[in-house]
Amino acid sequence: MIYSSEVQHMCSVAKGAYHGPAPIPEEGKWVQVKEIKDVSGFTHGIGWCAPQQGCCKLTLNVKEGIIEEALVETLGCSGMTHSAAMASEILIGKTLLEALNTDLVCDAINTAMRELFLQIVYGRSQSAFSEDGLAVGASLEDLGKGLRSQVGTMFATKVKGPRYLEMAEGYVTRCALDEDNLIIGYEFINLGKMMDFIKKGDDAATALEKAKGSYGRFAGAAKYIDPRHE
């Protein structure tokens, strides 16, 4: 280590008491984080690319500094789905610090990693006060039984109004309107359930009907529209 001449000619002054870093909550414990292996937590982060054409929700389960579980969800850009596939292979088994300094292929995923890192190392994780944290595999619970991301897709114009295209329940097939043309409900297909029915041997038409459902005052509507074609 090189010291400037000014420092070399300074007299030594004793340093005061060392109290260590402030403890942060981690998996039901208070931890003084001094090394990356001291960090544990389960949490989510949101990232976006420079042109803001796409975004990423990244979920990590970190145990003793190592990423044991990763859920990568992307939206808005076709290329980032392939980036997510690569990121899912890259992230697992790395330390938090390695992952922070690794190219995760997509700028939105890199940004999500940065934001998520800040949450975890500052003790703002979802599992901060959960004893022993969350089990590896916990992120799948966010996806529901069909193991599909919770996506909402709506389109609207001033001249023709709103169209519901995708809700948490699934792919919207029809919107229900009242006498004033206000949306009062919708019909949907849970695509995760539909694929499960097909895998179990149902033909596509039967599986589609079994996976249908409705929300709101769908049954009592004045009329119905196909949100994609009407």
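Rules behind the numbers
Residues numbered from 1 in each chain as written. Predicted model: local features only at pLDDT ≥ 70, side-chain atom pairs only at ≥ 80, totals over all residues. Heavy atoms only, no water. 1 Å grid on protein atoms, 1.4 Å probe; cavity = no way out; pocket = protein on both sides within 12 Å on 5 of 7 lines; lining within 4 Å. Points joined across faces, edges and corners; volume = space filled by probe spheres on them. Helix = DSSP H or I, 4+ residues; strand = E, 2+ residues; numbered from the N terminus. Pairing = 2+ DSSP bridges. Axes fitted to C-alpha atoms, helices over the stretch in contact; angles between N-to-C directions. Contact = heavy atoms within 4.5 Å. Core = buried A, V, L, I, M, F, W, Y, C linked by side-chain atoms within 4.5 Å. Buried < 20%, exposed > 50% of the residue type's maximum accessible area, 1.4 Å probe, protein only.

## Things to note about the layout of surface pockets
Part 1: Here the largest pocket is characterised by a volume of approximately 320 Å³.
Part 2: Leu143, Arg148, Ser149, Gln150 and Ala168 are the residues nearest the centre of the largest pocket, which is lined by 20 residues in total.
Part 3: Of all the secondary structure elements, the ones that give two or more residues to the lining of the largest pocket are β7 (161–167) and α5 (191–199).
Part 4: Here the element with the most residues in the lining of the largest pocket is α5; it accounts for three residues.

## Topic: the sheet that holds strand β4 (residues 55–63)
Picture the strands of a sheet paired through backbone hydrogen bonds; they go either parallel or antiparallel.
Part 1: The strand order across the open sheet formed by three strands is β3-β4-β5, and the pairing between neighbours is antiparallel. If you trace the sheet from one side to the other, it starts and ends with β3 (41–48) and β5 (66–75), each paired once. Pairs of neighbouring strands in the sheet enclose a mean axial angle of 15 degrees, with direction left out of account.
Part 2: Pairing analysis gives eight bridges linking β3 to β4, with the strands arranged antiparallel. The residue of β4 that forms the bridge with tryptophan 48 is cysteine 55.
Part 3: Relative to β5, helix α2 (residues 79–91) is tilted by about 175 degrees, and along the sheet it contacts β4 and β5.
Part 4: On top of the sheet, helix α4 (residues 107–121) reaches β3, β4 and β5; it is set at about 140 degrees to β3, its chief contact.

## A word on the nonpolar core
Part 1: Ranked by size, the top nonpolar core spans 23 residues in total, and within it Leu58, Leu60, Leu91, Ile109 and Met113 carry the most contacts.
Part 2: Secondary-structure elements contributing two or more residues to this core are β4, β5, α2, α3 (96–100) and α4.
Part 3: With seven residues, α4 is the largest single contributor of residues to this core.
Part 4: Those residues within four positions of leucine 91 in sequence are excluded, and the remaining contacts are Leu58, Leu60, Ile67, Ala70, Val72, Ala99, Leu104 and Met113.
Part 5: Of all hydrophobic cores here, the second largest spans seven residues; its members include Val172, Cys175, Leu177 and Ile225.

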